[in-house]
Amino acid sequence: MIVADKKPIEEIIETTRNFKRLLILGCNECVTVCEAGGKKEVGILASALRMNALNQGREVKIDEITLERQCDHEYLEEIRNVVDQYDGILSIACGVGVQFTAEKYQATPVLPGVNTKFMGATEKRGLWVERCQGCGQCILATTGGICPVSRCAKRLFNGPCGGSGNGKCEISKEVDCAWQLIIDRMKALGTLEDYEKLSPIKDWSTDRAGGPRKVVREDVQL
Amino acid sequence: MRLNYPTNVKIIRVPCTGKVDTIHILRAFEKGADGVCVIGCMEGDCHYNSGNFRARKRVEQASHLLEQIGIGGERVKMFNLSSGEGPRFAQYAVEMTERVTALGPNPIKLARKRAAA
């Protein structure tokens, strides 16, 4: 899923200060799971902003809506009839949701309420970790199911480097050396002979280096 | 036992403090409560294992948020006792009332009055 983290309330108060009618727009997908932008967080943020405004003598109308997703036209259409009632929308979906909402409703400012971090997994409640950088050319089949693009600080394809010590990366004692993990996993799988094969130079044009990307699937387009 | 505790304490019963969410605490302040205390079972004694730990985290979240929006984080507090400790309940009610009285009224209540005037 896409992992996001809450923005500090001070920052949100500052960016929404001039809005008299504000819609807080949540998303039922990834940001709900990482407890940053779901229905619960919409309610908490709306209550806090209402109290803050009242306390400062400002009169504001703050409404709460949480859509199934903000990255699909059909769900975003659900607010078409109400969007005119607001001076601004505070979207607490990921950056994709914020942008898609802004693209759809050109006349209304759409602000981000979370910081979108990465694609990751829930290691345990309250701990989300990066697992994929969407490089566009998955090589997990040859690395024991552990991704050196997202988990190695240097994105090495023939690791480890000299900075690997006691299974940790030189950038921090808390970061596992991805290549140590890969070797350990290959040992467990009995495929260590594959480790000896050199990986060819990666074509990074499918990563961000090739500019904004898109997937075109004519077989499913109507 | 016939213990007395301050009459301005209003009780909202929940099956477990794990039911109390951050939004419930915030709504209480939005509606004008001067303080909120969440009283749960002793830590380690939760019938549902972790209900009171969840409540403690949510109280901390609410407290942090209330501090940042100028209502005051000290207006919310979590206490623990066992179900047989009536005198301790009364003691916590007195303690919370004294704490909130010292802090004064909820600024939201005052702001609403000003807005209505």
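Residues numbered from 1 in each chain as written. Chains lettered and ligands numbered in written order. Predicted model: local features only at pLDDT ≥ 70, side-chain atom pairs only at ≥ 80, totals over all residues.

**Topic: the overall build of chain A**
Piece 1. When its secondary structure is counted, chain A shows 7 helices and 9 strands.
Piece 2. Taken against the 2.2 N^0.38 rule, which gives 17 Å for 222 residues, the C-alpha radius of gyration of chain A at 22 Å runs more than 25% over that of a compact globule.
Piece 3. Judged by the C-alpha coordinates and their principal axes, chain A covers about 70 × 45 × 25 Å.
Piece 4. The buried share among the 222 residues of chain A stands at 33%.
Piece 5. Here the analysis covers contacts within chain A between residues at least 6 apart in sequence; of these, 56% occur between residues at least 24 apart. (Helix = DSSP H or I, 4+ residues; strand = E, 2+ residues; numbered from the N terminus. Rg over C-alpha atoms; globule rule 2.2 N^0.38 Å. Buried ≥ 20, exposed ≤ 12 C-beta atoms within 10 Å, placed from the backbone. Contact = placed C-beta atoms within 7 Å.)

**A look at the environment of tyrosine 105 of chain A**
All names here are of chain A.
Piece 1. Along the polypeptide, tyrosine 105 turns up in the loop between helix H5 (95–104) and strand S5 (110–112).
Piece 2. A tally of 17 C-beta atoms within 10 Å means that tyrosine 105 is categorised as partly exposed.
Piece 3. Considered as a pair, tyrosine 105 and leucine 76 are 29 residues apart in the sequence and their alpha carbons are 9.4 Å apart.
Piece 4. Sequence-distant contacts of tyrosine 105, defined by excluding residues within four places in its chain, comprise Val83 and Val110.

**Observations concerning the sheet that holds strand S7 (residues 127–132) of chain A**
All names here are of chain A.
Piece 1. One open sheet accounts for 3 strands, arranged S1-S6-S7; its pairing is antiparallel. The sheet terminates laterally at strand S1 (2–6) and S7, the two strands that pair on one side only. Direction aside, neighbouring strands of the sheet carry axes that sit 75 degrees apart on average.
Piece 2. Pairing analysis gives 5 bridges linking S1 to strand S6 (residues 114–124), with the strands arranged antiparallel. Looking at S6, one finds that lysine 6 is bridged to valine 114. (Pairing = 2+ DSSP bridges. Axes fitted to C-alpha atoms, helices over the stretch in contact; angles between N-to-C directions.)

**Details of the domain arrangement of chain A**
Piece 1. For chain A, the domain assignment lists domain 1 (2–118) and domain 2 (133–209).
Piece 2. Using C-alpha coordinates to define each centre, domain 1 of chain A is positioned 38 Å away from domain 2 of chain A. (Domains from an automatic or database assignment.)

**Focus: the nonpolar core**
All names here are of chain A.
Piece 1. Ranked by size, the top nonpolar core spans 55 residues in total, and within it Ala4, Ile24, Val31, Leu45, Ala48 and Ile92 carry the most contacts.
Piece 2. For this core, the element with the most residues is helix H3 (residues 39–55), which contributes 9 residues.
Piece 3. With near-sequence residues (within four places) excluded, alanine 4 lies in contact with Val31, Cys34, Ala36, Gly37, Cys94, Val114, Asn115, Thr116 and Lys117.
Piece 4. Membership of the second largest hydrophobic core comes to 11 residues, among which are Ile146, Val149, Cys177 and Ile182. (Core = buried A, V, L, I, M, F, W, Y, C linked by C-beta atoms within 7 Å.)

**A few points about the interface of chain A and chain B**
Piece 1. Taken together, the contacts link 13 residues of chain A with 16 residues of chain B.
Piece 2. Per-element accounting of the side of chain A that touches chain B gives the leading share, 10 residues, to H3 of chain A.
Piece 3. A class-by-class count of the residues in the side of chain A that touches chain B yields 5 nonpolar, 5 polar and 3 charged. (Nonpolar A, V, L, I, M, F, W, Y, C, P; charged D, E, K, R; others polar.)

**Describing the environment of isoleucine 201 of chain A**
Piece 1. The topology assignment puts isoleucine 201 of chain A in the segment after helix H7 (178–189).
Piece 2. A C-alpha to C-alpha distance of 9.8 Å links isoleucine 201 of chain A and asparagine 158 of chain A, two positions 43 residues apart in sequence.

**Here's the deal with the sheet that holds strand S4 (residues 88–91) of chain A**
Backbone hydrogen bonds hold the strands of a sheet together, and the pairing may be parallel or antiparallel.
Residues and elements named next belong to chain A.
Piece 1. Read from one edge of the open sheet, 4 strands run S3-S2-S4-S5, paired in parallel fashion. Of all the strands in the sheet, the pair left with one neighbour each is strand S3 (61–67) and S5. Each neighbouring strand pair of the sheet contributes to a mean axis angle of 25 degrees, computed without reference to strand direction.
Piece 2. Note that S4 and S5 share 3 bridges and pair parallel. Among the inter-strand pairings, leucine 90 is bridged to a residue of S5, identified as leucine 111.
Piece 3. Sheet contacts for H5: strand S2 (21–27), S4 and S5; angle to S5, the most-contacted strand, approximately 170 degrees.

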